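# Breakdown of the fold
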Amino acid sequence: MWQIISGIYMGWALGSNDAANVFGTAVSSRMLRFWTAASLCAVFALIGALVEGGAGMKTYSALSSTSLDTAFLVGLGAALTVTGMTSLRLPVSTSQAVVGALIAIGTAPVLVGTATTANVQLDVLGKVVACWVGTPIGALVAAVVLYVVIGQLMNRLALNVFQYDRLLRMAQIVAGSYGAYALGANNVANVTGPFTGPGMLSVPAACLVGGLAIAAGSLTFSRGVMMTVGRGLVKLDAYSAFIVILAEGVTVHAYAVLGVPVSTSQAVVGGVLGIGIVKGARTVNRRTLRNILLAWISTPTVSFLVTLAGYVVAHEVGWL
Amino acid sequence: MSLFFKREKEVRQLIDEYFRVADETLDAFDAAFKSYLKDGICDKLREADGRIHASESRADDLRVEIEKMMYSHSLLPESRGDILGLLESFDKMPNLAETVTFMIVTQKIQVPPQFRPDFSRLLDCNMDAYHQVREAVDRLLANPDTVGAAVKPVDEKESESDRIERALITSIYDSDTDKSDRILLRELIERVGDISDNAERVAYRIEIIALKRRI
């Protein structure tokens, strides 16, 4: 079962990057200490993975079937894509990388001549791609609705400066913890999803291993990203930043229930865009939007090619 | 989490203490200026100058303490910025109280008897502006929705102070007061009038802080 190491690496990278999307604001504004935020993120991501992580795994199993060795290639191909594209500062999404790798594994046997038809369920793929597009849009709508509804409730409370501050600080912690839960529930499939099936991990075991890998990532390596992403979000006022985190959590959680792993970063951009619509201000520049569009295409394409190359090499050396 | 709110409580206590000391400074200034208009420069005024200087320094120390405490993991950045900006702007009023008494004592400025009633009106008007802006601060710290009603009178007092200042300076320059005394008196009038100017600036800031929290 050594092959699972590629999935664990993927989980660690995911935890270290995506913890920033839920607790970045609180840490970079020095409202919460890094260790408190990282611990909350680790605990809630693990709980999310254990409680609701199974649905996404079933989707990946339905998209294309894998063996232990090909699951390793999926994890490795996706992880190399994410690491490489991040190093080159190109927009990337873990979920989209895993899907590209799964498609490669489903189509590679046709290319090397060991199968006549590709093992990719196009209806499942269609659902997954629709959810990618729906992520920023869903977060945008969620941000607009939440901004107005919660705002009206807060106005009615007529809070003084200290009460307002206290409520928002509490709200950011609650929203961050919920976002971490949603992150674990939604993204654990990216980590150990390809390793579920006959002769491999059971779904609960995969959720546990994946959840622990994400938790480890947030505890060990998320500080830098938290500061960078958080400072970007801090440019928003505290209420808007809270709404963005909450909208991201709601959206990512909704897709976790639907069983489709999506990008938390793209949900954050959708949320920030929603705030801009409510306030009549431009909160997201064209470059960020272009990056999302690019990520939808480039990430699965690069991951597909990397994994395909890995498969061909493994086949040529007689490992597969 | 309890530490989280403990720091906030400590900041709140320090802010309350700051405003108490600022009130003390301005009240001492009010009493000192009144006694100066009545009795001229006397020991009582010199003693008051010392007291005003001491309480203004205490207000400064408190402001620095609040600033340090705020940067040690308490309050959101925008709350920190708003409160520190408010205190910084507000602090100019105790500073002015100290500047004016020190100016009178060191430069031995004498107000000719015919101008004393107008100086008294100017002082009252500026102290009213101060008390109104203090009311606005209290409302901001209690219920920001009611801030608007306390801000408008500050604006009115500032305009009234401007009118008194202009009339007073004109009558001083129309009089046979010594030329160098005219300059000193004009400076004294302008410094006292600066209290309501600052009160107005603080009031606008308070209004914005309250508005920022309306979603």
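For the rest of this paragraph, the subject is the overall build of chain B. Along the backbone of chain B there are seven helices and zero strands. Start at the N end of chain B and walk to the C end: the helices and strands fall as α-α-α-α-α-α-α. Here chain B has a C-alpha radius of gyration of 19 Å; the compact-globule value for 215 residues is 17 Å, and the two agree. Dimensions along the principal axes, computed over C-alpha positions, put chain B at roughly 70 × 35 × 20 Å. For chain B, the proportion of its 215 residues judged to be buried stands at 51%. In chain B, once contacts between residues fewer than 6 apart in sequence are set aside, the share between residues at least 24 apart is 84%.

Tallying the contact residues gives 25 residues for chain A and 30 residues for chain B. Across the chain A to chain B interface the summed buried area is about 2700 Å²; carbon plus sulfur atoms make up 61%. At the boundary of chain A and chain B, one finds two salt bridges. Counting across the interface, chain A meets chain B through eight residue pairs in polar contact (both at pLDDT 80 or more).

Here we come to the packing of helix 4 (residues 92–107) of chain B against helix 7 (residues 179–212) of chain B. All names here are of chain B. As a packed pair, helix 4 and helix 7 sit with axes 9 Å apart at the nearest point and diverge in direction by 170 degrees. By the angle between their directions, the pair helix 4 and helix 7 is classed as roughly antiparallel. Counted together, Lys92, Met93, Leu96, Val100, Met103, Ile104 and Gln107 of helix 4 and Leu184, Glu187, Leu188, Arg191, Val192, Asp194, Ile195, Asn198, Ala199 and Val202 of helix 7 form the full contact between these two elements. Taken together, the residues of the contact of helix 4 with helix 7 sort by class into eleven nonpolar, two polar and four charged.

In this model, chain B carries a mean pLDDT of 94, and residues with pLDDT of at least 70 account for 97%. Both scores are available for the predicted complex, with the pTM at 0.86 and the ipTM at 0.82.

Residues and elements named next belong to chain B. Counted under the stated rule, the structure contains 14 aromatic pairs over all chains. Ring geometry for Phe33 versus Tyr36: centroids 5.6 Å apart, planes at 75 degrees, classification edge-to-face. Here Tyr36 and Phe33 lie together in helix 1 (residues 2–39), a separation of three residues that amounts to about one turn. The burial state of Phe33 is the same as that of Tyr36; both residues are buried. Among the aromatic residues, those joined into a ring-pair cluster are Tyr18, Phe19, Phe90 and Tyr130.

As a further point, take the nonpolar core. Counting residues in hydrophobic clusters, the biggest one holds 94 residues, and the most contacted among them are Tyr239, Phe242 and Ile243 of chain A. Discounting residues that sit within four places of it in the chain, Phe242 of chain A has contacts with Ile150, Leu168, Ala171, Gln172 and Ala175 of chain A. Judged by nonpolar contacts, the second largest core, of 73 residues, contains Leu26, Ile41, Leu86 and Val154 of chain B.

Residues and elements named next belong to chain A. Judged by side-chain polarity, Val129, Val133, Ile137, Val141, Val145, Val148, Val149, Leu153 and Val278 come together as a nonpolar surface patch covering roughly 670 Å² of accessible area. Broken down by element, the residue count for the nonpolar patch peaks at eight residues, all from helix 6 (residues 122–157). With respect to the helices and strands, Ile137 occurs in helix 6.

Once that is clear, we can look at the pattern of salt bridges. All names here are of chain B. Across all of its chains, the model carries 25 salt bridges over all chains by this definition. For Asp82, the salt bridge identified is with Lys212, shortest N-O distance 2.8 Å. With Asp82 in helix 3 (residues 77–90) and Lys212 in helix 7, the pair connects residues that are 130 residues apart, well separated along the chain. What makes Lys212 partly exposed here is its relative accessible area of 42%. Of the charged contacts in the structure, one is a salt bridge between Glu187 and Arg191, with a shortest N-O distance of 3.9 Å. Linking Glu187 with Arg191, this pair stays in helix 7, spanning four residues, or about one helical turn.

Before going further, it helps to examine helix 6 (residues 147–174) of chain B. Note: α-helices contain 3.6 residues per turn, so residues at a spacing of three or four share the same orientation. With 28 residues, helix 6 of chain B ought to run about 40 Å at 1.5 Å a step, and its terminal C-alpha atoms sit 42 Å apart, in line with that. For helix 6 of chain B, the secondary structure elements touched by its buried residues are helix 5 (116–142) and helix 7 of chain B.

Moving on, we get to the environment of Thr146 of chain B. Residues and elements named next belong to chain B. Along the chain, Thr146 turns up in the loop between helix 5 and helix 6. Thr146 sits in the partly exposed class, given a relative accessible area of 31%. Linking Thr146 and Glu207, residues 61 residues apart in sequence, is a C-alpha distance of 9.9 Å.

Scoring rules and cut-offs
Residues numbered from 1 in each chain as written. Chains lettered and ligands numbered in written order. Predicted model: local features only at pLDDT ≥ 70, side-chain atom pairs only at ≥ 80, totals over all residues. Heavy atoms only, no water. Helix = DSSP H or I, 4+ residues; strand = E, 2+ residues; numbered from the N terminus. Rg over C-alpha atoms; globule rule 2.2 N^0.38 Å. Buried < 20%, exposed > 50% of the residue type's maximum accessible area, 1.4 Å probe, protein only. Contact = heavy atoms within 4.5 Å. Buried area = accessible area lost by both parts, 1.4 Å probe. Salt bridge = Lys/Arg side-chain N within 4 Å of Asp/Glu carboxyl O. Polar contact = N/O pair within 3.5 Å; in protein donor to acceptor, adjacent residues only side chain to side chain. Axes fitted to C-alpha atoms, helices over the stretch in contact; angles between N-to-C directions. Parallel < 35°, antiparallel > 145°, perpendicular 65-115°, else oblique. Nonpolar A, V, L, I, M, F, W, Y, C, P; charged D, E, K, R; others polar. pLDDT = per-residue confidence, 0-100. Phe/Tyr/Trp six-rings, centres within 6.5 Å; stacked < 30°, edge-to-face > 60°. Core = buried A, V, L, I, M, F, W, Y, C linked by side-chain atoms within 4.5 Å. Patch = residues over 30% accessible without salt bridge, like charges linked within 9 Å, V, L, I, M, F, W, Y side chains within 5 Å. Areas by Shrake-Rupley, 256 points an atom, 1.4 Å probe, with all protein chains shown as cover. Expected span 1.5 Å × (residues − 1).

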